[in-house]
Amino acid sequence: MSYKASFRVWRGDSDAGELRDYTVEVNEGEVVLDIIHRLQATQASDLAVRWNCKAGKCGSCSAEINGKPRLLCMTRMSTFTEEDVITVTPLRTFPVIRDLVTDVSFNYQKAREIPSFTPPPGLKAGEYRMQQVDVERSQEFRKCIECFLCQNTCHVVRDHEENKESFAGPRYLMRIAELEMHPLDVEDRRDAAQEEHGLGMCNITKCCTEVCPEGIHITDNALIPMKERVADKRYDPIVWLGNKLFRR
């Protein structure tokens, strides 16, 4: 069964833009990305949208649907009624290039600032030996598809452009936590997480967790444990005493 849906889609570039109204046919079983493609094919051939796999695994088609950061390919039209007006806008936290496509290079810059996996000295690739139980905590974080929805919804940068220089965002704080929890990583990342990547600016509102399409518990399993590790190193009296004695 098909029907006509009312869409409002943001059109424009870095200089200016506006929401434009469209009426587009919807068929049973379709997702929002299907409708955007039909809109391109029938009414707006110059509409820019980023996408790749259409299976919720590449993270390319991130946008905001009715104000909520979501993947276009994973948002079913059946979640809306036929009377709903569906508004599709680009990710708000990042600069618009054109229409629904944003410049997400901020995220790749932050990725480059994090020191890579550091195995014990003398241990060569192929010699790594770990038990499954040792990697279960950090393995969850490897499901990340880098859609950057968590980065987009984090109000530390969403509402404060000036914080981007000193705040890596939940995706890359999670990356630091993943490496810190890795049984073969010997780099102490706690001070860098706090001082260089802005862990202390995160106030654990869980908005990043709420929008993650992979269901990763970013706040509870990565950010809070990382904050606890930083607090242990800096403020635990037993650790402080041990550091004093070790220095002597």
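Because the structure is a prediction, the values reported are computed rather than measured. (Residues numbered from 1 in each chain as written. Predicted model: local features only at pLDDT ≥ 70, side-chain atom pairs only at ≥ 80, totals over all residues. Heavy atoms only, no water.)

Quick word on the environment of Leu72
Note the threshold: Strands are runs of DSSP state E lasting at least two residues, helices are runs of H or I lasting at least four, and both sets are numbered from the N terminus onward. We call two residues contacting when some pair of their heavy atoms lies within 4.5 Å.
With respect to the helices and strands, Leu72 occurs in the loop between strand 4 (68–71) and strand 5 (85–89). C-alpha separation for the pair Leu72 and Val31, spaced 41 residues apart in sequence, amounts to 7.0 Å. Setting aside residues up to four positions removed in sequence, Leu72 forms contacts with Val31, Val32, Leu33, Val49, Cys61, Ala63, Ile65 and Val88.

A look at the pattern of salt bridges
What counts, and what does not: Salt bridge, as used here, is a side-chain nitrogen of Lys or Arg placed within 4 Å of a carboxyl oxygen of Asp or Glu. Each residue is assigned to one of three classes by its accessible area relative to the maximum for its type, calculated with a 1.4 Å probe on protein chains only: buried under 20%, partly exposed between the two thresholds, exposed over 50%.
Following the criterion strictly, the structure yields 24 salt bridges and no others. A salt bridge links Glu178 to Arg175, with the shortest nitrogen-to-oxygen separation between them at 3.0 Å. Separated by 3 residues within a single helix, Glu178 and Arg175 lie in helix 6 (residues 170–181), roughly one turn from each other. Under the relative-accessibility criterion, Glu178 is labelled buried at 6%. Between Asp188 and Lys233 there is a salt bridge whose closest N-O contact spans 3.1 Å. With Asp188 in the loop between helix 6 and helix 7 (190–195) and Lys233 in helix 9 (residues 218–235), this residue pair connects regions lying 45 residues apart in the sequence. Here the residues in one salt-bridge network are Asp188, Arg190, Asp191, Glu195, Lys233 and Arg234, joined through shared partners.

Focus on empty space enclosed by the protein
What counts is decided by this rule: Points on a 1 Å grid, built from protein atoms alone, make a cavity when a 1.4 Å probe fits but cannot get out and make a pocket when they are open with protein on both sides within 12 Å along at least 5 of 7 lines; residues with an atom within 4 Å of a point are the lining residues. Grid points are joined across faces, edges and corners, and a volume is the space filled by probe spheres set on the points. Side-chain classes are defined by residue name, with Ala, Val, Leu, Ile, Met, Phe, Trp, Tyr, Cys and Pro counting as nonpolar, Asp, Glu, Lys and Arg as charged, and the others, Gly among them, as polar.
Enumeration according to the criterion identifies 2 cavities of 30 Å³ or more in this entry. If you add up the space inside the largest cavity, you get close to 100 Å³. In this structure, the largest cavity is lined by 14 residues; those nearest its centre are Cys154, Cys202, Ile204, Thr205 and Cys207. Among the elements of the structure, helix 5 (155–158), helix 8 (207–211) and helix 9 are those that each provide at least two residues to the lining of the largest cavity. What the second largest cavity holds in volume is close to 80 Å³. In terms of lining residues, the second largest cavity is bounded by 14 residues, among which Cys144, Cys147, Cys150, Cys212 and Ile218 are the most central. Among the secondary structure elements, those contributing two or more residues to the lining of the second largest cavity are helix 4 (149–153) and helix 6. Partitioning the lining of the second largest cavity into residue classes produces 11 nonpolar, no polar and 3 charged.

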